[in-house]
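Residue-level structural notes
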Amino acid sequence: MAVPEKVLTNQDLEKMVDTTNEWILSRTGIRERRIVNESQSTSSLGIEAALKALDVANLKPGELDLIICATSSPEYIFPATASLIQDRIGANKAGAFDLLAACTGFVYGLNMAAQAIRSGSIKRALVVGAESLTRYVNWEDRNTCILFGDGAGAFVLEASQEPGGVLSSVLRSDGSGSELLTIPASGSKNPATEATVRAGLHYIYMEGKEVFRFATRVMAQSTREALAMAGLTLDDVQWIIPHQANYRIIETAARGLKMPLDRFVINVERYGNTSTASIPIAACEAIEDGRVKVGDKIVFVGFGGGLTWASLVAEWTGPSAPRKKVDPRRYRVWARLRSLLRRVLRFFEGIIWGRNA
Ligand code: COA
């Protein structure tokens, strides 16, 4: 996982909009969130998380066959942020694409990668959930600006003869709710113009109450569906790792499932809603502190714009703790140098081709 160093607390927000720490805490469970600085972006966080995941998996970037970047805040409409990550980590044998299913994207991505491996067409995939969603936040809108934060998380999936890994998944969408959570302009329907910017249509728009109702309805239901598909029951599950949008949403889902809250991994208090990054960040923390152990059965459950939702049941077969604590600065420098070198090579290639033409 990778999160920006800059912390924005509820007390900071009190100075920006008409809100209070008490209101935010009681309605959402969020105390603080991380915010990208000017030099950070969706790909820079994704690169850092990707390199750490490869390190933990003991793989070289060149051994990857596929990179999926699930993101709600891609750096561009194209090229895909996944391609930027592929370049900067030096995964020169991997295909790369972005997956857009809003906050549910990471669960969709995990399932896509697992199925590609299961089909035999690839052996190793990197799934990244990366966001700099605060770049789309209207810092004058108290309904939304209190909720979101930035970060990234990444999983490496690998073909194996051992039982375990992804056991089942349920992916769903209901586009009739597309207007409940959206960035209304800057796509092809409403390209960015002076008028759209003046109207603030390039910011996140959300009908909070409706989204809340939808989220609490689908979480318990899709968890049960995915478990039934895997031939398991809730008693077989050690951990539920839900999308971290609001503590109260998780609480309601726990009630719906009749499961104690202490079997849910929850860190929304420290990061807010980091969209596609929230599930891998929560998973990463639970693995690092020893809560999730090899052999544990886990349900990842996500929901978000689209509307989309998904549940995925997995048996954790990966490492139970990182081999060593890694210094992210080392990765940043290394990634920058590598990309720079490739650009220089491309420059000389251009000169040689120009001469030959
Ligand atoms: N500080 C203080 N007051 C606020 C506020 C803030 N940051 N934001 C809204 N309010 C006010 C509203 O204006 C409203 O005032 P009114 O009654 O005078 O009109 C009141 O608080 C209640 O607002 P409401 O929207 O009904 O609050 P809520 O209990 O539904 O909580 C959310 C709002 C956004 C926290 C909640 O609806 C939510 O979490 N929804 C889901 C969001 C989500 O998960 N999105 C991402 C999905 S991936």
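The present account deals with the structure reproduced in this document. (Residues numbered from 1 in each chain as written. Predicted model: local features only at pLDDT ≥ 70, side-chain atom pairs only at ≥ 80, totals over all residues. Heavy atoms only, no water.)

1. Some words on the nonpolar core
In globular proteins that are soluble, nonpolar side chains generally tend to be buried together. If you look at the biggest cluster of nonpolar residues, it comprises 44 residues, and the most contacted ones within it are Phe 214, Leu 227, Ile 240, Leu 257, Phe 264 and Phe 303. Listed by contribution, the elements that provide at least two residues to this core are helix H7 (208-229), helix H8 (247-257), strand S11 (297-304) and strand S12 (308-315). No other element matches the eight residues that H7 contributes to this core. (Core = buried A, V, L, I, M, F, W, Y, C linked by side-chain atoms within 4.5 Å. Buried < 20%, exposed > 50% of the residue type's maximum accessible area, 1.4 Å probe, protein only. Helix = DSSP H or I, 4+ residues; strand = E, 2+ residues; numbered from the N terminus.)

2. A closer look at helix H3 (residues 42-57)
Taking 1.5 Å as the rise per residue, H3 with 16 residues should run 22 Å; its terminal C-alpha atoms sit 22 Å apart, in good agreement. Among the 16 residues that make up H3, 13 are buried, leaving the element largely enclosed by the rest of the structure. Among the residues trailing H3, Asn 58 stands out with phi positive, at a value near 60°. (Expected span 1.5 Å × (residues − 1).)

3. A few points about the sheet that holds strand S3 (residues 66-70)
In space, the four strands of this open sheet follow the order S4-S3-S5-S6, with mixed pairing throughout. The open sheet has two edge strands, strand S4 (95-99) and strand S6 (151-158), and neither has a second partner. In this sheet, adjacent strand axes meet at a mean angle of 15° when their direction is disregarded. Two strands pair when backbone bridges link them, and strand S5 (residues 124-131) and S6 are joined in this way by eight bridges, in the antiparallel orientation. Looking at S6, one finds that Val 127 is bridged to Phe 155. (Pairing = 2+ DSSP bridges. Axes fitted to C-alpha atoms, helices over the stretch in contact; angles between N-to-C directions.)

4. Considerations on the side chain of Ser 278
When you line up the elements, Ser 278 lands in helix H10 (residues 278-288). Here the side chain of Ser 278 touches Gln 244 through a polar contact of 3.0 Å, landing on its backbone nitrogen. Ignoring anything within four residues of it in the chain, the contact list for Ser 278 reads Pro 242, His 243 and Gln 244. (Polar contact = N/O pair within 3.5 Å; in protein donor to acceptor, adjacent residues only side chain to side chain. Contact = heavy atoms within 4.5 Å.)

5. Looking at the packing of H7 against H8
Close contact between H7 and H8 brings their axes to 9 Å; oriented N to C, the two are set at 40°. Considering their axes alone, H7 and H8 lie oblique with respect to each other. Between H7 and H8 lies a crossing whose hand is right-handed. Contacts between H7 and H8 pair Phe 212, Ala 215, Thr 216, Met 219, Ala 220, Thr 223 and Arg 224 from the former with Arg 248, Ile 249, Thr 252, Ala 253, Gly 256 and Leu 257 from the latter. Looking at the contact of H7 with H8 residue by residue, the classes come out as seven nonpolar, four polar and two charged. (Parallel < 35°, antiparallel > 145°, perpendicular 65-115°, else oblique. Left-handed = near helix turned anticlockwise from the far one by under 90°. Nonpolar A, V, L, I, M, F, W, Y, C, P; charged D, E, K, R; others polar.)

6. Some details on unusual backbone geometry
Residue Pro 79 is bonded to the preceding Phe 78 through a cis peptide linkage, with omega at 5°. By secondary structure assignment, the location of Pro 79 is in the loop between S3 and helix H4 (81-89). Here the residue pair Gly 306 and Leu 307 is connected by a cis peptide bond, since its omega of -10° sits within 30 degrees of zero. By secondary structure assignment, the location of Leu 307 is in the loop between S11 and S12. One non-glycine residue, Ala 102, lies in the positive phi region at around 50°. Among the structural elements, Ala 102 can be located in the loop between S4 and helix H5 (105-118). Given the relative accessible area of 16%, Ala 102 is considered buried. For Ser 275, which is not a glycine, the phi torsion comes out positive at approximately 50°.

Read these as geometric descriptors, not functional statements.
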